[in-house]
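Coordinate inspection notes
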Amino acid sequence: MKRLAPPVKPIELLQHTGEVVCTVQYLNSTLQDVFDFQLPQAAQTLLALQWPDFLLPPNQLSFYAWVALFKGYQVGAFYPTQHFEHVINSLVKVIESNRGQVLLNHKVTNFRLTDRTSPELRRWI
């Protein structure tokens, strides 16, 4: 991915053709596509723990977006100055102030996207 990120240097593309071809083959893949192809379930579960950062399930999350997040952690992760509870409470306030509802103790069975920006969760009761 690094070779294809701006600014693209054509000479590097030629010098690293194998990397470029490998990267391009996953261009339209979701995280689930790649994990189903190459990883056992236990490894998928461990590595996919960051998917909620995008508010998308693995079968709708771009593999490239996930890789970019993971690569960002390699150079240092952000640690909030307040506890995680503050982050969650802030998220709940935003959801509720936009006519949303937070339902506890419900299993989410589906995400529905509108214009790829507004997730609607289906729940199982």
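In the block above lies the structure referred to throughout.
**Quick word on helix α5 (residues 63-74)**
In this model, α5 (twelve residues) spans 17 Å end to end at C-alpha, consistent with the 16 Å of a helix rising 1.5 Å per residue. When α5 is considered as a whole, its buried residues turn out to be Phe63, Tyr64, Trp66 and Val67. Seen end-on, α5 carries its buried residues on one side only, within an arc spanning 155 degrees. Its buried side turned inward, α5 meets α2 (17-24), α3 (31-38) and α4 (41-47). The N-cap residue of α5 is Ser62: its side-chain oxygen and the backbone nitrogen of Tyr64 are 3.2 Å apart. In the stretch just after α5, Gly76 is the one whose phi turns positive, near 125 degrees.

**Comments concerning the layout of surface pockets**
A water-sized probe, rolled over the atoms, reveals where empty space remains. The volume enclosed by the second largest pocket comes to roughly 230 Å³. Taken together, 13 residues make up the lining of the second largest pocket; nearest its centre are Cys22, Thr23, Tyr26, Phe63 and Val67. Looking at the lining of the second largest pocket, the elements that each hand over two or more residues are α2, α3 and α5. Here the lining of the second largest pocket is composed, by residue class, of ten nonpolar, two polar and one charged.

What counts as what
Residues numbered from 1 in each chain as written. Predicted model: local features only at pLDDT ≥ 70, side-chain atom pairs only at ≥ 80, totals over all residues. Heavy atoms only, no water. Helix = DSSP H or I, 4+ residues; strand = E, 2+ residues; numbered from the N terminus. Expected span 1.5 Å × (residues − 1). Buried < 20%, exposed > 50% of the residue type's maximum accessible area, 1.4 Å probe, protein only. Arc of directions from axis to C-beta. Contact = heavy atoms within 4.5 Å. Polar contact = N/O pair within 3.5 Å; in protein donor to acceptor, adjacent residues only side chain to side chain. 1 Å grid on protein atoms, 1.4 Å probe; cavity = no way out; pocket = protein on both sides within 12 Å on 5 of 7 lines; lining within 4 Å. Points joined across faces, edges and corners; volume = space filled by probe spheres on them. Nonpolar A, V, L, I, M, F, W, Y, C, P; charged D, E, K, R; others polar.

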